[in-house]
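Survey of secondary and tertiary structure
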Amino acid sequence: MDETGTIEYETIAEQLKAQKGWEIGVITSVNLNHATPAAFYAHQASRSSYYEIGLELVESGFDYFAGGGLLKPTGSSGDQTDLYELAQEAGYTVAKTHAEADAIGTNTEKAIIIDEDLADSDAMAYELDRTDDMWALADYVAKGIEVLDNDTGFFMMCEGGKIDWACHANDAASSIHDTQALADAVQVAIDFAKEHADETLILVTGDHETGGLTIGFAGSQTTTLIWICWRTKDLHSAKYDSDYVASYKANKPPFGTVLADIEKLFGLKAQGEEGDKLVLTAYEMEQLRAAYEKSINGTASSQYDQAEYVLYGTYEPLSVTITHIINNKSGISFTSYSHTGLPVAVLAEGAGSEMFNGYYDNTDIYNKLADLLNIA
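The sections below set out a description of the structure shown in this document. Computed from a predicted model, the values in this text were never measured in an experiment.

1. Details of the nonpolar core
- Residues F65, I112 and F155 are the most contacted members of the largest nonpolar core, which totals 33 residues.
- Only helix 1 (12–20), strand 1 (23–31), helix 3 (50–60), helix 4 (83–89), strand 4 (111–114), strand 5 (154–159) and helix 15 (364–373) provide two or more residues apiece to this core.
- What I112 contacts, discounting residues up to four positions off in sequence, is L32, L57, F65, A87, Y92, T93, V94 and A95.
- Residues M124, I145, V147 and L148 belong to the second largest nonpolar core, which totals 26 residues.

2. Looking at the packing of helix 10 (residues 237–251) against helix 14 (residues 317–329)
- Axis separation between helix 10 and helix 14 bottoms out at 9 Å; the angle between their running directions is 135°. Considered as vectors, helix 10 and helix 14 are oriented oblique to each other. In this structure, helix 10 meets helix 14 at a crossing whose hand is right-handed. Note on element contacts: helix 14 touches helix 10 through L318, S319, I322 and T323, opposite S237, Y240, D241, V245 and Y248.

3. Quick word on the packing of helix 10 against helix 12 (residues 282–297)
- Between helix 10 and helix 12, the least distance of the axes is 8 Å, while the angle of their chain directions is 70°. On the basis of the axis angle, helix 10 is roughly perpendicular to helix 12. On helix 12, the residues that touch V245, Y248 and K249 of helix 10 are Y292, S295 and I296.

4. Thoughts on the environment of A66
- Note that A66 resides in strand 2 (residues 64–68).
- A residue is classified by how much of its surface remains accessible, and A66, at 0% relative accessible area, is buried.
- For A66 and A95, which are 29 residues apart along the polypeptide, the C-alpha to C-alpha distance reads 9.2 Å.

5. Considerations on the layout of surface pockets
- Approximately 730 Å³ is the volume attributed to the second largest pocket.
- Lining of the second largest pocket is provided by 29 residues; of these, F217, Y283, Q287, H324 and N328 occupy positions nearest its centre.
- Broken down by secondary-structure element, the contributors of at least two residues to the lining of the second largest pocket are helix 12, helix 13 (306–312), helix 14 and strand 9 (332–333).
- In terms of residue count, helix 14 provides more of the lining of the second largest pocket than any other element does, 6 residues in total.
- The residue makeup of the lining of the second largest pocket, split by class, is 11 nonpolar, 14 polar and 4 charged.

The rules behind each value
- Residue numbers here run from 1 along each chain, matching the order of that chain's written sequence.
- A pLDDT threshold of at least 70 governs which residues receive local features in this predicted model, and a stricter bar of 80 or more applies before side-chain atom pairs are shown or counted, although totals over entire chains, interfaces and linings include all residues.
- Think of the side-chain values as coming from all heavy atoms in the structure, minus any hydrogens and water.
- Residues enter a nonpolar core if they are buried and are Ala, Val, Leu, Ile, Met, Phe, Trp, Tyr or Cys, with the set joined through side-chain atoms within 4.5 Å.
- Only protein chains enter the accessibility calculation, which uses a 1.4 Å probe. A residue is then buried if its area is under 20% of the maximum for its type, exposed if over 50%, and partly exposed in between.
- Numbered from the N terminus, helices here are DSSP runs of H or I no shorter than four residues, and strands are runs of E no shorter than two.
- Residue contacts follow a heavy-atom distance rule, with two residues in contact if any of their heavy atoms lie within 4.5 Å.
- Only the contacting stretch of a helix is used when fitting its axis, a line to C-alpha atoms as for every element, and angles between N-to-C directions run 0 to 180 degrees.
- Put simply, angles under 35 degrees are roughly parallel, angles over 145 are roughly antiparallel, angles from 65 to 115 are roughly perpendicular, and the rest are oblique.
- By the definition used in this description, the sense in which the near helix is turned from the far one sets the handedness, with an anticlockwise turn below a right angle giving left-handed and a clockwise turn giving right-handed.
- Here a cavity denotes a set of grid points, spaced 1 Å apart and computed over the protein atoms alone, in which a 1.4 Å probe fits but from which it cannot get out, and a pocket denotes an open set meeting protein on both sides within 12 Å along at least five of seven lines; residues with an atom within 4 Å of a point are reported as lining.
- Grid points are joined across faces, edges and corners, and a volume is the space filled by probe spheres set on the points.
- Each residue is assigned to one of three groups, with Ala, Val, Leu, Ile, Met, Phe, Trp, Tyr, Cys and Pro labelled nonpolar, Asp, Glu, Lys and Arg labelled charged, and all others, Gly among them, labelled polar.

Here it is in structure tokens:
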């Protein structure tokens, strides 16, 4: 849509479908009617119009959708026709299990694959929480290539959307692992491109930076090792919220019990050998204690509190404080819980990649693709 929210623009994916007869795939680790995937097939004034965006997904006629579940599949009031039913009526094979996804292949006309192991907000699980029996983002790219590959051509968009979610929550370890998951997905595309070197272009970029992640923290010693955040984060902060903090709120255990859980799950400890970077300082201990009290007791004021927002954002105080301590001990810090204006890289490989050198506005990516593909 234009900036007034009244004029529709045709997307590169729609143009390739209509003008070139290419097959189109859209993959994301978050919801299929979330903002980024929607930008390739939908035309709504608000990103929150999930049901209407879902209707456009069905009506797009695109060939392959995969990843997180649809938000509001029966509308905001819950009484509209289920989007999955509408998709099936429109000729889509809808798969919601690994077995059903495995059965989809080159002979499947149109497919929607919803991850079997949906997690927070019906998105795919964070890579840090993914087990070996769960599909990774790379698996959906491999399946997409199987479904889409043809003699005419195909366009695939794959989003590692939970990188953004992790950075919103200032969770450095999860952002690292989900970036690795995206890298694994890109590698599948690279392996495919090796067999089609003269006719394949791979672009990797971001719509924006989130969180202001930087290496370096004012309170870190120069000997701090970055690998701390890798070794200690065996549990994502959102999962800690659901599996532990919810119980703390209900049962209000003593702070010592909570500290024992934190040591078991994250490696942070009250005591240890001298020089052990995972031992909590008195300052960090006080931060944790205050955050625990805030989490289990809440706040009496509903008004915006700047000091509290700087400490916790809109996240669970205890969880985000644990995350911040691990980040800072690792020599990593964030400046925001929101999107930032930092430039993002555009990495290009393959046919036409030389067109993507230099600095330019992100909307120029469309212009460069349209020129390269002779889109009218």
